[in-house]
Amino acid sequence: MALLKNEFTIGMPHMVPGQLSEVELVKFIGDFQWLAISKALDVPAKDIVNDIGERLYASFINLDVDLGGRTFSSFKEGAHIRVKHRAQFFARRFAEGFFYFDDKEFPDAALEEVSTRDDLRQCATPWIYLTNALVTRETSNLRLRTFAPSTEIPDAACTQREPDGLADQKRVQSTNVIPFPEYPNAYLIEGTSTEPFTYPIVPESDLNGAGLLYFARYIAVMNYGERHFLQNRLPLPVSTGLIRFLSTEKRRIFYFANANETDNIAIYVSVRVSPVDESTVADKTQCTRLRFVFSTDLYRVSDGTLMAKSVASKVLGIPWGAKGIVTEAERLQLQLGI
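> Before we move on, can you summarise the overall build of the protein chain with the specific residues and values?
Looking only at helices and strands, one finds eight helices and 14 strands in the protein chain. The C-alpha atoms of the protein chain give 20 Å as radius of gyration, which agrees with the globular expectation for 338 residues (20 Å, within 12%). Each of the three principal axes of the protein chain carries a C-alpha extent, and together these read 60 × 50 × 35 Å. When each of the 338 residues of the protein chain is scored for burial, the buried share is 53%. Long-range contacts, defined here as pairs at least 24 residues apart, represent 75% of the contacts in the protein chain between residues at least 6 apart. Carbon and sulfur atoms make up 51% of the accessible area of the protein chain, which totals about 14900 Å².

> Let's hear about the pairing of strand 13 (residues 286–300): which residues, and what values?
In terms of residue burial, strand 13 counts as a mostly covered element, since 12 of its 15 residues are buried. In this structure, strand 13 lies alongside strand 14 (residues 306–319), joined through 13 bridges in antiparallel fashion. Across the sheet, residue Val 293 finds its bridge partner in strand 14, namely Ser 313. Taking the residues between adjacent antiparallel strands as the criterion, strand 13 and strand 14 are bridged by five residues, where Gly 304 takes a positive phi near 75°.

> Requested: an account of helix 4 (residues 164–175), with residues and values cited.
A rise of 1.5 Å per residue sets the reference length of helix 4, with its 12 residues, at 16 Å; its end C-alpha atoms lie 16 Å apart and thus fit the reference within 8%. Along helix 4, the positions that sit buried rather than exposed are Asp 164, Gly 165, Leu 166, Ala 167, Asp 168, Gln 169 and Val 172. Directly after helix 4, the chain includes Asn 176, whose backbone phi takes a positive value near 65°.

> I'd like to hear about the nonpolar core, residue by residue, with values.
Soluble, globular proteins show a tendency: their nonpolar side chains are buried together. Judged by nonpolar contacts, the single largest core of 65 residues is most densely connected at Leu 63, Ile 128, Leu 230, Ile 265, Phe 292 and Leu 298. Tallying contributions element by element places helix 6 (residues 215–232) first for this core, with nine residues. Not counting chain neighbours up to four residues away, the residues in contact with Leu 63 comprise Val 26, Ile 128, Tyr 129, Leu 130, Phe 215, Ile 219, Arg 251, Arg 252, Ile 253 and Tyr 255. Core analysis: the next-biggest nonpolar cluster, separate from the first, contains 14 residues, Ala 40, Ile 48, Ile 153 and Ala 157 among them.

> Describe the packing of aromatic side chains, with residues and values.
Applying the stated rule across the entire model yields 14 aromatic pairs. For the ring pair Tyr 100 and Phe 106, a centre distance of 6.4 Å and an interplane angle of 80° mean the geometry is edge-to-face. Phe 106 matches Tyr 100 in its accessibility class, with the two residues each being buried. Ring geometry for Phe 292 against Phe 294: centres 6.0 Å apart, planes inclined by 15°, an arrangement best described as stacked.

> Can you break down unusual backbone geometry residue by residue, with the values?
Despite not being glycine, Asp 42 shows a phi value in the positive range, around 55°. Here Asp 42 is to be found in the loop between helix 1 (22–41) and strand 4 (57–66). Although it is not a glycine, Asn 176 sits at a positive phi angle of roughly 65°. Its location among the elements puts Asn 176 in the loop between helix 4 and strand 9 (187–188).

> I'd love a proper account of the pattern of salt bridges, names of residues and values included.
Enumeration over the complete set of coordinates arrives at 26 salt bridges. Among the ionic pairs, Asp 66 bridges to Lys 250, the shortest N-O distance being 2.9 Å. One end of the pair, Asp 66, is in strand 4; the other, Lys 250, is in strand 11 (residues 246–255), and 184 residues separate them in sequence. We classify Asp 66 as buried; its relative accessible area is 13%. Across the pair Lys 309 and Asp 297 runs a salt bridge, and its minimum N-O distance is 3.0 Å. Here Lys 309 is found in strand 14, whereas its partner Asp 297 is found in strand 13, with 12 residues between them in sequence. Comparing Lys 309 with Asp 297, the two get one shared label, buried.

> Account for the side chain of Ser 73, with residues named and values stated.
Within the secondary structure layout, Ser 73 lies in the loop between strand 4 and strand 5 (80–90). Residue classification places Ser 73 among the buried positions, given a relative accessible area of 17%. Among all residues touching Ser 73, those that are not within four sequence positions of it are Gln 19, Ser 247 and Gln 286.

> Summarise the environment of Ile 253; cite the residues concerned and give the values.
If you trace the backbone, Ile 253 turns up in strand 11. Under the relative-accessibility criterion, Ile 253 is labelled buried at 0%. Excluding residues within four positions of it along the chain, Ile 253 makes contact with Ile 61, Asn 62, Leu 63, Asp 64, Tyr 218, Ile 219, Met 222, Lys 309 and Ser 310.

> Which residues make up the pairing of strand 6 (residues 94–102), and what are the values?
Of all the nine residues making up strand 6, nine are buried; the element is thus mostly covered by neighbouring parts of the structure. Residues Phe 94, Glu 96, Phe 98, Tyr 100 and Asp 102 of strand 6 are buried on one face, and the alternating residues Ala 95, Gly 97, Phe 99 and Phe 101, pointing to the opposite face, are buried as well. Across nine bridges, the pairing between strand 5 and strand 6 is antiparallel. Note that in strand 6 the partner of Phe 89 across the bridge is Ala 95. The loop that links strand 5 with its antiparallel partner strand 6 comprises three residues; one of these, Ala 91, has a positive phi angle of about 55°.

Procedures and definitions
Residues numbered from 1 in each chain as written. Predicted model: local features only at pLDDT ≥ 70, side-chain atom pairs only at ≥ 80, totals over all residues. Heavy atoms only, no water. Helix = DSSP H or I, 4+ residues; strand = E, 2+ residues; numbered from the N terminus. Rg over C-alpha atoms; globule rule 2.2 N^0.38 Å. Buried < 20%, exposed > 50% of the residue type's maximum accessible area, 1.4 Å probe, protein only. Contact = heavy atoms within 4.5 Å. Areas by Shrake-Rupley, 256 points an atom, 1.4 Å probe, with all protein chains shown as cover. Pairing = 2+ DSSP bridges. Expected span 1.5 Å × (residues − 1). Core = buried A, V, L, I, M, F, W, Y, C linked by side-chain atoms within 4.5 Å. Phe/Tyr/Trp six-rings, centres within 6.5 Å; stacked < 30°, edge-to-face > 60°. Salt bridge = Lys/Arg side-chain N within 4 Å of Asp/Glu carboxyl O.

Written as structure tokens, this is what we have:
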């Protein structure tokens, strides 16, 4: 399929304090993927239907984010983000998306030969890989059915190879393990409780136009659980001021189920932390000593169904001018003995 190009300038609506919001970025990416699907089918997105006229949506199976050695804090207000991407279909019911993005120009050739997730890794440019299923929404969010679109899909936009994300989702569901980089001297933080945190779904912010819990909001719910773990499950609680300087560098997330707006979500969090070799950090304006790896699972409270699993590595990068937070990070490092 042809290479597509999109762009946007980071403004306040796309940010969390001091950096590009991961949630807002993946909203852009999800929209660009749907536009790519629409373009391949030569049908407006709102008119994509199955053979009996039911509206189809792109439900997410997985999302891999890798900033190529950088973090979201590398992208500040006013930065102009260029996104180059392409999509391909499998078995007429699934779609893969391959994305490169950066705040500086990079050659189109980077994506010309990309047809697998491993191909994306060959470039140092930040990248995103995702897999979708084309689904209908029934009267409830508890059951989504996959369908092929009524429109013929061009052969040039199709692959005979099972998408990496689809194969990986099956493997993660059967093993309960997400393959993720191992960091040296990683230390498992023992929380004071293993009880889950409960998140009530907020229809005004968590649902999309189809009434589904939006894929990007799963990440926001996970961030909620991670923050509460650090604030409430450590012998020496971490402040909100310190947490705001955590910045994602890699994430793998797999989706298994949706939820009704009247439901709650149980969030299970485990955390590993490891030291960062400051000599390898390019940004010398920050104190960068710790990396947190969050493993987070979401379950529907109503019936205990697994909704999603994620592993994300986040670097704690604190401006040297924020001396109180730097001191707090030093105390935390001493407390953890790393």
